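# Observations on the three-dimensional arrangement
Chain residues, written in single-letter form:
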Amino acid sequence: MSNEIRTIFNRIAPVYDQLNDQLSLGQHRIWKEMTVKWSAAKPGDTSLDLCCGTGDLTFRLARRVGRTGKVYGVDFSPNLLNNAQERCKNYYPQPPINWVEGDVLNLPFDHNYFDAATMGYGLRNVKNIVKSLEEIYRVLKPGAKAAILDFHRPSHQQLRAVQQWYLDKCVVPIATNLGLKEEYAYISPSLDRFPTGREQIELARQVGFQEVRHYPIANGMMGVLVVIR
């Protein structure tokens, strides 16, 4: 990820969770729960949450793997990681989470290390999607799953228009009220650049994943790419 994107996420860190709730009308919790289920993480697993932000998916993974498991939450924004660590203090007993500042294009883990992985709203922001998928492939054990959640442009033209209206009339005004107009204006162009579900499937297959599926949710405005090493 670029320094520019890192700066954006560092700046939005204090209101990141509040904005997610407002912008998704609370639905992001359901989508994240679905993503964790699709990762097939189970008790005792060593699992990975990439672009973990303030830890929503990370904490869900920790509940899945239990006290005998282990979770690594990785993000390139130190401010978001600090927020995640503060949230972690509210849990008792402490979940088995290691917070790691790192780059998804160069993960600090050995080959074939993880039993399951998730990524929420991160793939769209990486500088090199193929390299990111290659790193996920590298660190997963054979047969392990990763589930990757992100915004998408719907294929249906009317739904695309609804999405753009929502971004222009709801997302940007909310962000503007919080002094973050520029930080959230980047979402629309990032969606235009992001590969479709079908294109993501092809990229994942080129990387070497054995099985690949893409599940559109929220009328195609959201999607989860599920890959098996």
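Residues numbered from 1 in each chain as written. Predicted model: local features only at pLDDT ≥ 70, side-chain atom pairs only at ≥ 80, totals over all residues. Heavy atoms only, no water.

### Description of the packing of aromatic side chains
Note the following rule: For Phe, Tyr and Trp, where Trp contributes only its six-membered ring, two rings pair if their centres lie within 6.5 Å, and the inter-plane angle classes them as stacked under 30 degrees, edge-to-face over 60, or tilted in between. Under the DSSP-based scheme used, a helix requires at least four consecutive residues in state H or I and a strand at least two consecutive residues in state E, with every element numbered from the N terminus. A simple rule labels every residue: compare its accessible area, found with a 1.4 Å probe on the protein chains alone, to the largest value its type can have, and call it buried under 20%, exposed over 50%, or partly exposed in between. In this scheme, the term charge over a ring applies when either NZ of a lysine or CZ of an arginine sits within 6 Å of the ring centre and within 35 degrees of the ring normal.
The final tally for this structure, using the stated rule, is 11 aromatic pairs. With centroids separated by 4.4 Å and ring planes inclined at 10°, the aromatic side chains of Trp-38 and Tyr-215 adopt a geometry described as stacked. Pair noted here: Trp-38 is in helix 3 (residues 28–39) and Tyr-215 is in strand 6 (residues 211–217), with a separation of 177 residues, a long-range link. A relative accessible area of 23% means that Trp-38 is categorised as partly exposed. By relative accessible area, Tyr-215 is classed as partly exposed at 26%. Centroid distance Phe-59 to Tyr-91: 4.5 Å. Interplanar angle 15°. Geometry classified as stacked. In this pair, Phe-59 sits in helix 4 (residues 56–65) while Tyr-91 sits in the loop between helix 5 (78–88) and strand 3 (97–101), placing the two residues 32 residues apart along the sequence. The class of Tyr-91 is partly exposed, set by a relative accessible area of 29%. For the cation-ring pair, Arg-229 lies above Tyr-137, with the distance from its terminal atom to the ring centre recorded as 4.0 Å.

### Comments concerning the nonpolar core
In plain terms, the rule: By nonpolar core we mean a set of buried residues, namely Ala, Val, Leu, Ile, Met, Phe, Trp, Tyr and Cys, connected to one another through side-chain atoms within 4.5 Å. Residue contacts are counted whenever heavy atoms from the two residues lie within 4.5 Å of one another.
Core analysis: the largest hydrophobic core is formed by 32 residues, its most contacted members being Leu-48 and Phe-109. For this core, the secondary-structure elements that each account for two or more residues are strand 1 (46–50), strand 2 (70–75), strand 4 (114–120), helix 6 (129–139), strand 5 (140–151), helix 10 (197–207) and strand 7 (222–228). The contacts of Phe-109, once residues within four sequence positions are left out, are Leu-48, Tyr-72, Val-74, Val-100, Phe-114, Arg-138 and Val-139.

### Examining the pattern of salt bridges
We count it as follows: Salt-bridge detection follows one rule: a side-chain nitrogen of Lys or Arg within 4 Å of a carboxyl oxygen of Asp or Glu.
One pass over the structure, following the stated rule, counts 8 salt bridges. Between Lys-32 and Asp-56 there is a salt bridge, and its shortest N-O distance comes to 2.7 Å. Of this pair, Lys-32 sits in helix 3 while Asp-56 sits in helix 4, placing them 24 residues apart in sequence. Note that Glu-135 is salt-bridged to Arg-138, the shortest N-O span being 2.8 Å. With Glu-135 and Arg-138 both in helix 6, this residue pair falls 3 residues apart, about one helical turn. Each member of the pair, Glu-135 as well as Arg-138, carries the same accessibility label: buried. Several salt bridges share partner residues, and in doing so they unite Lys-32, Asp-56 and Arg-87 into one network.

### Details of the pairing of strand 3
Rules: For two strands to pair, DSSP has to find at least two bridges joining them. Crossovers are marked right-handed if the path from the first strand over the helix to the second runs clockwise, as seen with the strands pointing away from the viewer.
Here 5 bridges tie strand 2 to strand 3, and the two strands are oriented parallel to one another. Counterpart to Val-74 in the pairing with strand 3 is Val-100. Regarding the hand of the β-α-β motif, the stretch spanning strand 2, helix 5 and strand 3 is right-handed.

### Let's talk about the sheet that holds strand 6
Heads up, the rule is: Geometry is summarised by axes, namely lines fitted to C-alpha atoms with helices restricted to the contacting stretch, and by angles between N-to-C directions that run from 0 to 180 degrees.
Spatial strand order, 3-2-1-4-5-7-6: 7 strands in an open sheet with mixed pairing. Both outer strands of the open sheet, strand 3 and strand 6, are each paired with one neighbouring strand and no more. Strand-to-strand twist in this sheet, taken as the mean axis angle between neighbours without regard to direction, amounts to 15°. For strand 5 and strand 7, the ladder comprises 7 bridges, and the chain directions are antiparallel. Within strand 7, the position partnered with Ala-147 by the bridge is Val-226. Along the sheet face, helix 3 touches strand 4, strand 5, strand 6 and strand 7 and points at about 165° away from the line of strand 5. Against the sheet, helix 6 engages strand 1, strand 4, strand 5 and strand 7, with an angle of about 145° to strand 5.

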